[in-house]
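Fold and geometry: a report
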Amino acid sequence: MVNQHLIDIKQNALKDFHSSKNSKELYQFKVQYLGKTGALTEAMKLMATLPKEEKPLFGKQVNEVKAELETAYAGVEATLQKAEIESQMLNEKLDLTLSVTTHEMGHEHPIYKVTHEIFSIMARLGYSLRTGALIEKDYYNFEALNIPPDHPARDMQDTFFVDETHVLRTHTSPIQIHSLENEKPPLRIIGTGPVFRCDSDISHLPNFHQIEGMCIDKKISMADLKGTISFFVREFFGPGLKTRFRPSFFPFTEPSAEVDCSCPICKSKGCSLCKQTGWIEIGGCGLINPKVFEHAKVPYPEWQGFAFGFGVERMAIIKYGVDDIRHFPKNDVRFLKQFSAGV
Amino acid sequence: MKISLQWLNDFVDVTEFYQDTQKLADLLTRAGLEVEDIQNKAKDFQNVVIGHILEKGKHPNADKLSLCQVEIAPGKVEQIVCGAQNHKQGDKVIVALAGAVLPGNFAIKKAKVRDVESNGMLCSYKELGLATESEGIAILDPKAPVGQSFAEFGGYDDIVFELKVTPNRADCLSHYGLAREIGCLLNKPVKNPEVQKKFSAESTKSKIKLTVDNSELCPRYCGRYITGVKIGDSPAWLKRRLEAIGMNSINNVVDVTNYVMLEMGQPLHAFDASLIGGQTIKIRNASPGEKFKTLKDQDVTFKGDELLITDSNGAVALAGVIGGLNSGVSEKTQNIFLEAANFKAMSVRKSSRQHGIETDSAYRFSRGVDPSQTHEIMDRAVNLILQVAGGEALGDHYDIYPKPVTKSPVKIKVQTISDRLGYQADAKLFEQYMNGLHCKVDRLNEGEYSITPPLFRFDLEHDMDLVEEYARLKGYEHITETLPSFAAEPAKHDEKYTSNHKLSLFLRGEGYDQAFNYAFLNENEESKWITNCEVFNKLGLTMDPQAIKLRNPLSEDLNVMRRSMVYPVWKNIRENFHAGNMSGKLFEIGSTFTKVTDSVRPEVAYKETRKLIISAWGEDFGLYAKNYPLVYKLKSTLESLFQNLQISAYTVAPIGDAPAYLHKGQWAAINVEGKAVGYIGSVHPVILADEKIRVPVCFAEINLDLLLAGQPRPTKFKSVSAFQPVDRDFAFVMESAKMVGDLTKEVKKSVGANLQSMTVFDVYEGDKLPAGQKSVALRVRLHSQDQALTEAMITEITQKVVTAAQKSVGANLR
């Protein structure tokens, strides 16, 4: 027969446990009944007053009640805690439709974005990049590139002069000469950076950018040049684009060609960008003129090569549809923020 | 260059292209002569006809309008409302009928004007695009045939091509030259102009005594005397041809010289023979300081190396460039001396560039004129002068040509063509092309030739030039596409480029947009900002007192190379702010320029220093936006950058002089590992106020050549401590004027190897402290690589920190 006192403790405890409003209150009851000075611990002290033969049974009953209460406690605690976390989350609710101040990434200037894209494409073909000086010796800008003094080809490039022997480079081609002089062929070089021409109007900036490539090897043909440029055009503007060569003249190449690609905007159907022709002029190219090798003291025809060059601003205009070249040096953040990096 | 199709047709049959001009344009473009524009006046004047006003009445509903009955074809009458006042019944006028599209895309339709039907428009020259101003409608010659198309009547039935002739193709700078090229492209015969050789018994040489002193610069000189010319207007055919390609008619003799130049590519000059002093001509070099007035009234002082045509009084022409005012043909002229000469290209170009005189003659000479045709072309001009101005040409002309120019043969193998074009070239086809180009072809061996190009092809000198001719005539579309194989090891990229790109990635991550500014700017504007270059040199921002000037700037706005990055970016910010961009962040990486003066090498050289500028303006706006003094935002970017570069030994402190444009209380010099590399600061409040910029603006400018030397640094692994770190917080009280940086520097030093990190988490000044004091709260995180820190060790470190704080800035624990 169970001790009535134990029965009372148990029933009171269970009643209190189940009536607890929260886990904190529940814990108070746990202390009250099961704690070091709790009712059950106190009841244990009664054991001393019991006759010897009743002691084992009483002890067993106390332990049974204790176990029963602990189980009951755990069950109630779990239920209460679950409800409490639910309500806590409701209280901590945030409105995620709300937009707060963002940390905006900065943007690469479209000129450098295009430069880097072109560079990355050509790097896959083994080209390595060179930059070079902006104030260049007349010799490297002109003579070494087969443009002698008082040659009409100088008229093609309106030049800024710094002094008798220095100019602001009018193209990135001096990079070719420095590379031919200082490095050993075979070579694959991409040259890029700012260039300067004494010309400013709706379609020209006096300080703009070029990117050019040079390939020097034992046997190089126009087909190699066309294949390389076609690869570039497809990678840069998109697959399916065609490349067309037209005869032209540059003093540092022979044969020379202007490069057109089929218009990436209208897919050759004719639009304002390609002036309804379906083709867009993107740059110039050709096989390196033997006279250039002569100036750089590279033996020809043992070494042969091709070179090509593009205007970076023009590439950006074609690629992004920028309507006015004068946006580039203005640095209006509303313009710059349009050129996201993407992934 | 403009080319008239009708004129071209004098020499080669191009009639097949009248209806399909694009076909000819494509042919020329494919051959390297890019057609930039085709003007077809006949097309512009479609449905524009000659009309006859049969009746001119009043418009019933408008006083200022007239109502005309106009015969627009024999027997066909249209009613037209007209707003002009200058016409009357019986006038012949120009009528644009429905369907005509006038310049400015103005389409003529049948319409009602104030309820009265009008079936066309009576045109003024302005409306037809033939004049910039005109009063009233055009009234034509009473004999003008009714119904004739106006294009035909006015001679506007020509088609004009605008060609971009590259500098190597001087031979195509004339109608005859282009005809010769088309003849080759289409395998068509080319006609030469007929030249009559009837001259009087009188001698040119007896009239004018002529010597050539410098036959190096004047390889050939031809001259003929013509007596009894009558200067006047040119006949209509001559005027029309010149006008068709945009050249104004001057008088009959001058027009002929221009005509023959445009026709044959040989510039000519007619002197008034009576104005040649001493009746003596000498072709000689100028003396330095010698003076001359051009026929366009420009004063020229010669440098001394120009070639001149002179008489006994001095220069009468700058050879190949322009004639003199003293000897030109005028209405009084009766006798002329006609010059057709060949001058050295480089000499003419130099004279022309030196004195800034650009003429059609100089343009042609500087690209090259065929010396073998000088005499023939002179007599072609003589024929035409006699035809349009009368007179008599004298015999016994001058033709001084001491060393006839020859062309060296070029050896070429067909195999070379195949190798360089990447497809199999054909020997027969090669021979055919070379013959078509008027080359002398000698076959040396199977597939091996000696080719002598004609004298007019200045560009054909080497085998590669002939390779290009083959490719061009065959068509560039035959070039296939391959990728070259590559035997070499790819080289390294330029470190400047790669580091710039990485830096750009970092700064974009920090929220800065990349800017690009011109490398040149306005000297005065920059100088207002850069007042003392020594201040910048001390900050590590290399600079000369004088900016490098351009000899020929585009304008004064872009006249020197920049010395600092700051001014262009300041301009960007100013424009951004005034365009309504209230906040933003910009960075630019670019070059600034200095002159290198080297006493050992007297030669001038220039140095480019790579600099970075970062800038910000305005405040973040929005929910939870965290705003604190803007300059600290820039500073935190710099500190992240240094961390990225594995640089820990740096100071940012106001040491030395600040650039004048910075706020005196908000600036600091940046010193990295013992070197000054730049500055950071807010813009001076007066500058902001002057420019009406109502938000803070900050800059940091850094010499990247200095900062990035030795970058990237190798990454080396350090073992990660297995023991828990311990945080200790300190609150120090110190004088407000003392720098927190001095405190933290010493605190870090005192902790030594046990320091994991140190953060300032509060700075307080206010009521709870005595005036002039501030409290600085630091959290120092301690760790050890090889043991758990004991209480005793922590106490020891704490003591060191307190001592260091006291010693460095007199700070005491609060």
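Scoring rules and cut-offs
Counting from 1, residues in each chain are numbered in the order their sequence is written. Each chain is given a letter, starting from A, and each ligand a number, starting from 1, according to the order in which they appear as written. In view of the model being predicted, local features appear only for residues whose pLDDT reaches at least 70, and side-chain atom pairs are presented and counted only at 80 or more, with totals across whole chains, interfaces and linings using the full set of residues. A helix here means a DSSP run of H or I that spans at least four residues, while a strand means a run of E at least two residues long, and both kinds are numbered starting from the N terminus. Radius of gyration: over C-alpha atoms. The globule rule applied is 2.2 Å multiplied by the number of residues raised to the 0.38 power. In this scheme the burial state of a residue depends on its C-beta neighbours within 10 Å: 20 or more other such atoms mean buried, 12 or fewer mean exposed, and anything in between means partly exposed; the C-beta positions come from the backbone. We call two residues in contact if the C-beta atoms placed from their backbones are at most 7 Å apart. Gly is put with the polar residues, along with every residue not named as nonpolar or charged; the nonpolar set is Ala, Val, Leu, Ile, Met, Phe, Trp, Tyr, Cys and Pro, and the charged set is Asp, Glu, Lys and Arg. When DSSP finds at least two bridges between two strands, those strands are taken to pair. Angular values range over 0 to 180 degrees, each being the angle between N-to-C directions of two axes fitted as lines to C-alpha atoms, with helices fitted over their stretch in contact. By definition, any crossing whose near helix is turned counterclockwise from its far helix by less than a right angle is left-handed, and any crossing with a clockwise turn is right-handed. Working rule for angles: under 35 degrees goes down as roughly parallel, over 145 as roughly antiparallel, 65 to 115 as roughly perpendicular, anything else as oblique. A helix is expected to reach a length of 1.5 Å times the quantity of its residues less one. Think of a nonpolar core as buried Ala, Val, Leu, Ile, Met, Phe, Trp, Tyr and Cys residues, each tied to the set through C-beta atoms within 7 Å. One number per residue, pLDDT, summarises how confident the predictor is, and it ranges from 0 to 100.

Let's shift gears to the overall build of chain B. Tallying secondary structure elements over chain B gives 23 helices and 42 strands in all. Since a compact globule built from 814 residues should have a radius of gyration of about 28 Å, the 41 Å found for chain B marks it as more spread out than a globular shape. Its C-alpha atoms give chain B principal-axis dimensions of about 125 × 85 × 60 Å. Burial analysis of chain B (814 residues in total) assigns 41% to the buried set. The contacts in chain B between residues at least 6 apart in sequence include a share of 69% that link residues at least 24 apart.

As a further point, take the overall build of chain A. Along the backbone of chain A there are 11 helices and nine strands. Here the C-alpha radius of gyration of chain A, 42 Å, is well above what a compact globule of 343 residues would show, namely 20 Å. Seen through its C-alpha atoms, chain A measures out along the principal axes to roughly 130 × 45 × 45 Å.

Now for the interface of chain B and chain A. Chain B puts 80 residues into the contact, and the matching count from chain A is 72 residues. Examining the composition of the side of chain B that touches chain A, we find that seven residues originate from one element, helix 15 (residues 495–509) of chain B, more than from any other. A breakdown of the residues in the side of chain B that touches chain A according to their chemical character gives 36 nonpolar, 23 polar and 21 charged.

Another point: unusual backbone geometry. Most peptide bonds take the trans configuration, and most residues that are not glycine carry a negative phi. Of the consecutive residues P185 of chain A and P186 of chain A, the connecting peptide bond is found in the cis state with omega at 0°. Here P186 of chain A lies in the loop between helix 7 (174–182) and strand 4 (187–196). Here the amide bond leading from Q711 of chain B into P712 of chain B is cis, since omega sits at -10°, within 30 degrees of zero. Of note, P712 of chain B is situated in the loop between helix 21 (704–707) and strand 39 (726–735). Positive phi values are uncommon outside glycine, yet Y624 of chain B reaches one of about 65°.

Residue and element names in this part refer to chain B. Taken in spatial order, the three strands of this open sheet run 1-13-2, and their pairing is antiparallel. Taken across any chain shown, the strands that pair with only one partner, and hence form the sheet edges, are strand 1 (2–4) and strand 2 (34–40). The sheet shows a mean angle of 25° between the axes of neighbouring strands, taken without regard to direction. With six bridges connecting them, strand 2 and strand 13 (residues 159–164) associate as antiparallel partners.

Moving on, we get to the packing of helix 22 (residues 740–751) of chain B against helix 23 (residues 791–809) of chain B. Residue and element names in this part refer to chain B. Here helix 22 crosses helix 23 at 145°, and the two axes come no closer than 8 Å. Crossing geometry of helix 22 relative to helix 23 is assigned as right-handed. The residues of helix 23 that touch helix 22, namely those facing D742, L743, E746, V747, K749, S750 and V751, are I797, K800, V801, A804, A805, K807, S808 and V809.

All names here are of chain A. Here helix 1 (residues 4–19) crosses helix 2 (residues 23–34) at 170°, and the two axes come no closer than 9 Å. Relative to helix 2, helix 1 is oriented roughly antiparallel. Contacts from I9, A13, D16 and F17 of helix 1 reach helix 2 at L26, F29 and Y33. A breakdown of the residues in the contact of helix 1 with helix 2 according to their chemical character gives six nonpolar, no polar and one charged.

Further remarks concern helix 1 of chain A. With 16 residues, helix 1 of chain A should cover 22 Å at 1.5 Å per step; its first-to-last C-alpha distance of 22 Å lies within 8% of that length. Against the buried residues of helix 1 of chain A lie helix 2, helix 3 (39–45) and helix 4 (55–91) of chain A.

Residue and element names in this part refer to chain B. Spatially, five strands are ordered 15-18-21-22-23 in an open sheet, and the strand pairing comes out mixed. Two strands bound the open sheet, and with one partner strand each, they are strand 15 (209–212) and strand 23 (322–323). Here strand 15 pairs with strand 18 (residues 280–285) via four bridges, running parallel. Counted as the bridge partner of K209 is T280 from strand 18.

Counting 149 residues, the largest nonpolar core has F306 of chain A together with I670 and I680 of chain B as its most contacted members. Discounting chain neighbours no more than four positions away, the residues touching I670 of chain B are Y650, V652, V677, G678, Y679, I680 and I702 of chain B. Grouped together as the second largest cluster of nonpolar side chains are 86 residues, V14, L173, L268 and I336 of chain B included.

Quick look at the pairing of strand 36 (residues 662–672) of chain B now. The pairing of strand 35 (residues 650–653) of chain B with strand 36 of chain B spans four bridges and is antiparallel. Residue pairing for strand 36 of chain B: T651 of chain B is matched across the bridge by N671 of chain B.

On to the pairing of strand 22 (residues 314–318) of chain B, then. All names here are of chain B. A large share of strand 22 lies buried, amounting to four of its five residues. Between strand 21 (residues 307–311) and strand 22, which pair antiparallel one after the other, the connecting turn spans two residues. Note: strand 22 against strand 23, two bridges, orientation antiparallel. Each bridged residue has a counterpart across the sheet, and for A317 the counterpart in strand 23 is G323.

On to the environment of E339 of chain B, then. Residues and elements named next belong to chain B. Relative to the helices and strands, E339 is located in strand 24 (residues 336–342). C-beta crowding within 10 Å serves as the criterion here: with 27 such atoms nearby, E339 is assigned to the buried category. Counting along the chain gives 111 residues from E339 to S450, while the straight-line C-alpha distance between them is 36 Å. Here E339 is in contact with G223, L268, H269 and F271, once residues within four sequence places are set aside.

Residue and element names in this part refer to chain B. You can see K303 is positioned in the loop between strand 20 (299–301) and strand 21. A tally of 15 C-beta atoms within 10 Å means that K303 is categorised as partly exposed. Placed 172 residues apart in sequence, K303 and A131 show a C-alpha to C-alpha distance of 42 Å. Other than its neighbours up to four places away in sequence, K303 contacts P288 and Q354.

This part is about the confidence of the model for chain B. Looking at chain B, pLDDT values average 93 and 100% of them are 70 or higher. Model confidence for the complex is summarised by a pTM of 0.86, with the ipTM given as 0.87.

Residue and element names in this part refer to chain B. Mapped onto the elements of the fold, T301 is located in strand 20. Looking at T301, the number of C-beta atoms within 10 Å reads 11, which means it is exposed. Taking the C-alpha atoms as reference, T301 lies 53 Å from E448; in sequence the two are 147 residues apart. For T301, the residues in contact, after removing those within four places along its chain, are G289 and K291.

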